[in-house]
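Coordinate inspection notes
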Amino acid sequence: MKVFLAAAALSLFAAAAPPPWQWSLPRGIAPPPVPPENPMSQARVELGRLLFYDADLSADGTLACAGCHEQKRGFADGNATHLGVHGDPGRRNVPGLANVAWLPRLTYADPSATTLEMQALIPLVGERPVEMGMKGLEAQIGRRLGANPCYRRMFRRAFPQGRGRIDLAGVAAALAAFQRTMVAFDSPNDRFMAGDETALSADALRGKAVFDRVGCAVCHGGRDFTDAAYHRVEAVGGRDPGLAEHTGQQVDIGRFRTPSLRNVSITGPWWHDGSASRLELAVRRHGKGAGLSARDMGLLLAFLDDLTDRTFLADPQFSRPDRACGKPL
Ligand code: HEC
Ligand code: HEC
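Only a predicted model underlies this, so the values are computations on that prediction, with no experimental measurement involved.

1. Concerning the overall build of the protein chain
Along its length, the protein chain carries 14 helices and four strands. Across its three principal axes, the protein chain shows a C-alpha extent of roughly 85 × 45 × 35 Å. Within the span of the protein chain, comprising 329 residues, buried residues form 47% of the whole. The long-range share in the protein chain, meaning contacts at least 24 apart out of those at least 6 apart in sequence, stands at 64%.

What follows is the structure in structure tokens.
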């Protein structure tokens, strides 16, 4: 009897311990950093995916993260800016989310947004601008989601220590875990870098040489085409103070974090305010892009086009879930 009980207790324990997270990354790519207080698990990722598509996380139940971040556009949207739930005009263009897990600095100009957990609070409860509008409504998150037995089960499984608590911090943690899985390494350029010499078209290959020759890679360098640093790339004139809004420093006026160029040809319109309606215009607005010949520009655009990972845009792991807790939604 005693032996039997001990075995039963052991197997209960085993059932509670989540299986270790398995990254599925191409050879040679190390997993992204993960904050120790938010370890990856299947349960957290599944919950985060459901939350990413759930408009109940907005004040009036109309705007999910996915309302601005659409998978088929690399998780950007096709607008210059996007209205928040209360009609506040957006201030900045919606960026794509491919490989955000590796970005050490998030957003165009908020140096305090260094983790996906912190960043998620900006759309949820931020006020400049109001996006999802949950400031002051934090307590409703537990009530709204908790009304659904499926969410109660998913939160218990995702946060075994949380005893079923559903709150803003848990929502942000699950969203971060899901976004860390938004991995894109299957563009023609990725395949070329992995050794497939035929992956880039002849024009794209020449465009890659132009990209390096004229110094684009000085800022858009590395695997994700960003140094994650802040630069001013055109004469200050816009209304957006950029980094200066946070630092108060004159020198930071008009400085923005270099955006990643992954999927860039489909994440338009471009620029921090969406004011570049064509990719070519975004390139020409740089000092280094201004003087390019028409031929070099054409080659460069062919290269930028080959930074698009079409697998990522249709990967069912990131799509709107059609089931939750095994039931159709
Ligand atoms: C109203 C539209 C809107 C909604 C809703 C929205 N976002 Fe965003 N998101 C943006 C904009 C605009 C930015 C860029 C803000 C900036 O740089 O100042 C952004 C930036 C980001 C970034 C940083 C990407 C980078 O390259 O640094 C992440 C990550 C992100 N959003 C995730 C989320 C998550 C998670 C949610 C849901 C909780 C969400 N967003 C909801 C518009 C939106
Ligand atoms: C000095 C650093 C730097 C150099 C060099 C540079 N960029 Fe940029 N790039 C940036 C920054 C910063 C932005 C964001 C500007 C903004 O939105 O205000 C940007 C924006 C862009 C965008 C728009 C991205 C988007 O999602 O809106 C494209 C495309 C781009 N750069 C391509 C290039 C190309 C091609 C070159 C070479 C001709 C180049 N850049 C050289 C820093 C740089």
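Don't stop here, the text continues.
2. Considering the domain arrangement of the protein chain
Structurally, the protein chain comprises domain 1 (38-183) and domain 2 (188-311). Its C-alpha centre places domain 1 at a distance of 27 Å from the equivalent point of domain 2. Carbon and sulfur atoms make up 50% of the surface buried where domain 1 meets domain 2, a total of about 2,100 Å² over both sides. Here domain 1 and domain 2 share four salt bridges between them. Put simply, arginine 92 and glutamate 245 hold a salt bridge, and the shortest N to O gap is 3.8 Å. Summed over the shared surface of domain 1 and domain 2, the number is nine residue pairs in polar contact (both at pLDDT 80 or more). For the side of domain 1 that touches domain 2, a count of residues per class yields ten nonpolar, eight polar and eight charged.

3. A word on the coordination of the iron atom of ligand 1
Just one protein atom coordinates the iron atom of ligand 1, and that atom is His69 (NE2), at 2.1 Å. Its location among the elements puts histidine 69 in the loop between α3 (65-68) and α4 (116-125).

The rules behind the values
- Residues numbered from 1 in each chain as written.
- Chains lettered and ligands numbered in written order.
- Predicted model: local features only at pLDDT ≥ 70, side-chain atom pairs only at ≥ 80, totals over all residues.
- Heavy atoms only, no water.
- Helix = DSSP H or I, 4+ residues; strand = E, 2+ residues; numbered from the N terminus.
- Buried < 20%, exposed > 50% of the residue type's maximum accessible area, 1.4 Å probe, protein only.
- Contact = heavy atoms within 4.5 Å.
- Domains from an automatic or database assignment.
- Buried area = accessible area lost by both parts, 1.4 Å probe.
- Salt bridge = Lys/Arg side-chain N within 4 Å of Asp/Glu carboxyl O.
- Polar contact = N/O pair within 3.5 Å; in protein donor to acceptor, adjacent residues only side chain to side chain.
- Nonpolar A, V, L, I, M, F, W, Y, C, P; charged D, E, K, R; others polar.
- Donors = N, O, S within 2.8 Å, 3.2 Å for Na, K, Ca; no water.

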